[in-house]
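# Structural features, examined
Listed here are the chains, written in short residue letters.
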Amino acid sequence: FGGGGLGPRARLDLARLIGRIARHPGAYDGDRPEETPAGAATVRALARRYHPDLHDYLLQPLAGCCFGWDTARSTAAPMLSLLAEVGPPSGWRTYRDGMDLLARRLAGTVDVETGRTVHEVVEADGRTLVRCADGEITARAAVLAVPAPVAAALRPQAPPEERAFLDACTFSSALKVSCLLERPLAPTAGGRPLYLLLTPAVEEDVLSAVIADHVKHPGRAPRGRGLLTLMAAPGTVPGLLDSPPEETAGRLLAAAERYVPGLGAATLRTFVHAFPHALPEATPRALHLRGRFA
Ligand SMILES: Cc1cc2nc3c(=O)[nH]c(=O)nc-3n(C[C@H](O)[C@H](O)[C@H](O)COP(=O)(O)OP(=O)(O)OC[C@H]3O[C@@H](n4cnc5c(N)ncnc54)[C@H](O)[C@@H]3O)c2cc1C
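Values in this document were obtained by computation on a predicted structure and should not be read as measured data.

The rules behind each value
- Residues numbered from 1 in each chain as written.
- Predicted model: local features only at pLDDT ≥ 70, side-chain atom pairs only at ≥ 80, totals over all residues.
- Heavy atoms only, no water.
- Helix = DSSP H or I, 4+ residues; strand = E, 2+ residues; numbered from the N terminus.
- Rg over C-alpha atoms; globule rule 2.2 N^0.38 Å.
- Buried < 20%, exposed > 50% of the residue type's maximum accessible area, 1.4 Å probe, protein only.
- Pairing = 2+ DSSP bridges.
- Axes fitted to C-alpha atoms, helices over the stretch in contact; angles between N-to-C directions.
- Domains from an automatic or database assignment.
- Buried area = accessible area lost by both parts, 1.4 Å probe.
- Polar contact = N/O pair within 3.5 Å; in protein donor to acceptor, adjacent residues only side chain to side chain.
- Nonpolar A, V, L, I, M, F, W, Y, C, P; charged D, E, K, R; others polar.
- Core = buried A, V, L, I, M, F, W, Y, C linked by side-chain atoms within 4.5 Å.
- Contact = heavy atoms within 4.5 Å.
- Phe/Tyr/Trp six-rings, centres within 6.5 Å; stacked < 30°, edge-to-face > 60°.
- Near = heavy atom within 4 Å.
- Areas by Shrake-Rupley, 256 points an atom, 1.4 Å probe, with all protein chains shown as cover.
- UniProt positions renumbered as here; feature names shortened; annotations may be inferred.

### Some thoughts on the overall build of the chain
- Of the regular secondary structure elements, the chain holds twelve helices and ten strands.
- For 294 residues, the compact-globule estimate of 2.2 N^0.38 gives 19 Å, and the chain sits close to it at 21 Å.
- Each principal axis of the C-alpha atoms in the chain carries an extent, and together these give about 65 × 50 × 35 Å.
- By the burial criterion, 39% of the 294 residues in the chain qualify as buried.

### Comments concerning the pairing of strand β2 (residues 127-132)
- Summarising the sheet, strand β1 (residues 118-124) and β2 pair through six bridges and their orientation is antiparallel. Residue pairing for β2: Glu120 is matched across the bridge by Arg131.
- Where β1 hands over to β2, the hairpin turn is made up of two residues, of which Asp125 adopts a positive phi near 55°.
- By the bridge criterion, five bridges tie β2 to strand β3 (residues 135-139) in an arrangement that is antiparallel.

### Some thoughts on the sheet that holds strand β8 (residues 207-212)
- Here we have five strands laid out as an open sheet, ordered β7-β8-β9-β4-β10, and antiparallel in their pairing. Two strands close off the open sheet at either side, each with one partner strand: β7 (196-198) and β10 (267-280). Averaged over all adjacent pairs, the angle separating strand axes in this sheet is 15°, with direction ignored.
- Where strand β4 (residues 171-181) and β10 come together, ten bridges link them in antiparallel fashion. Bridging across to β10, Val177 finds its partner in Val272.

### Here's the deal with the domain arrangement of the chain
- The domains assigned to the chain are domain 1 (8-90), domain 2 (114-169 + 282-293) and domain 3 (171-279).
- Just the C-alpha atoms count here: the centres of domain 1 and domain 3 sit 25 Å apart.
- Buried surface at the junction of domain 1 and domain 3, summed over both partners, amounts to about 930 Å²; 67% is from carbon and sulfur atoms.
- Across the contact surface, domain 1 and domain 3 share three residue pairs in polar contact (both at pLDDT 80 or more).
- For the side of domain 1 that touches domain 3, a count of residues per class yields seven nonpolar, three polar and one charged.

### Regarding the nonpolar core
- The biggest cluster of nonpolar side chains holds 25 residues, and the ones touching the most others in it are Leu17, Leu54, Leu59, Trp69, Met79 and Leu80.
- Residue assignment for this core shows that the elements contributing at least two residues are α1 (8-22), α2 (43-47), α3 (52-66) and α4 (76-86).
- Once residues lying within four places of it in the same chain are set aside, the contact partners of Leu54 are Leu6, Ala10, Asp13, Leu14, Leu17 and Leu59.
- Core analysis: the next-biggest nonpolar cluster, separate from the first, contains 24 residues, Leu185, Val210, Tyr259 and Ala266 among them.

### Topic: the packing of aromatic side chains
- Scanning the entire structure with this criterion turns up two aromatic pairs.
- Between Phe67 and Trp69 the ring centres are 4.8 Å apart and the planes differ by 45°, which places this aromatic pair in the tilted class. By the burial criterion, Phe67 is buried, and Trp69 matches it.

### Some words on the site of the ligand
- Taken together, Met99, Arg116, Thr117, Val118, Ala145, Val146, Val150, Met231, Phe275, Ala278 and Leu279 make up all the residues around the ligand.
- A distance of 2.9 Å separates a nitrogen atom of the ligand from a polar backbone atom of Val118.
- In isolation the ligand exposes 1000 Å². Once the protein is present, 42% of that is buried.
- Among the residues making up the shell around the ligand, the classes are represented as nine nonpolar, one polar and one charged.

### Thoughts on the UniProt feature "domain: Amine oxidase" (unreviewed entry) in the chain
- Mapped onto this numbering, the UniProt entry gives "domain: Amine oxidase" (unreviewed entry) at residues 49-261.
- In residues 49-261, the share of helix is 32% and the share of strand is 23%. The end C-alpha atoms are 37 Å apart.

### Some details on the sheet that holds β1
- With antiparallel pairing, the three strands of this open sheet are ordered in space as β1-β2-β3. Either end of the sheet is taken by a strand with one partner, and the two such strands are β1 and β3. With strand direction ignored, the average angle separating the axes of adjacent strands in the sheet is 20°.

### Some thoughts on the side chain of Ser81
- With respect to the element layout, Ser81 can be found in helix α4.
- Note on Ser81: relative accessible area 0%, which makes it buried.
- A distance of 2.7 Å separates the side chain of Ser81 from the backbone oxygen of Ala77, its partner in a polar contact.
- Those residues in contact with Ser81 that lie beyond four places of it in its chain are Tyr28, Asp29, Gly30 and Thr36.

### Describing unusual backbone geometry
- Even without a glycine there, the phi angle at Asp125 is positive, about 55°.
- Within the element layout of this structure, Asp125 appears in the loop between β1 and β2.

Here is the structure:
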């Protein structure tokens, strides 16, 4: 969030934006994003006060890649609160064995059943009934840890204030292509390999980022090999969700060649991962209704 790639005027405006957040310590609270001084302004609307490059070359690429957002639809408050909480990229950390480390550790302490689809969760006689394809489970309570649109469909009896938020809490879709490389190629800046290259929508319409997983952590690829993740730009995702995987991978690989020359020739295998409900949007309406839901 340092704005290293920005020109002097946009950097100055970034300092103004950071100063604005710093002047209100505690006001940008990720647990209460509906109460920040940024109100319900969308990222794009908030950025209008600043040099256009701040939106085009920093806020939009961050929102597009890390949040899956269209900056004209989602509000700035949750993003600014989160960025204020996590601090500069130099302090960001990654799990040594991948994102699922925490989930796997927690799973080791409880009974876990996977591959069992829940169709409905209803309350009856003070108990919770979880209806699955192959039967029912009765419990004192159930936690629905699924994307909001799925929770809305699973829980027809949700009370009105919960239903209003669940309906407003729309999700973006995401799609990424993992590329297994015969050598550790990566995007570079000043000759140094980058673990994350955000590609602004004003410059690039197929990708939102190129992530070099082996630069993030060497354990992510066998020695001498590489693993690259190509993130599709939010605007292209809906059109790609139903495309044949080879076609999708080919399209993203061709676009990424610009940032990682030789990528196509070095790619041994690709995997396409689609997330129809990837990340929550934060529209003004969802932000407005969140407080009563939480
Ligand atoms: C492409 C991408 C990259 C990301 N990268 C990062 C990152 O680098 N760092 C980071 O911190 N976060 C990242 N995130 C965000 C992170 O993945 C999510 O915040 C996190 O996974 C949310 O966890 P969750 O348990 O709430 O939901 P989920 O991970 O969505 O888990 C919900 C689970 O419910 C299951 N489910 C859904 N419907 C049903 C049903 N009817 N019956 C039974 N089970 C059901 C699903 O199969 C899924 O396993 C990324 C997200 C995406 C999409």
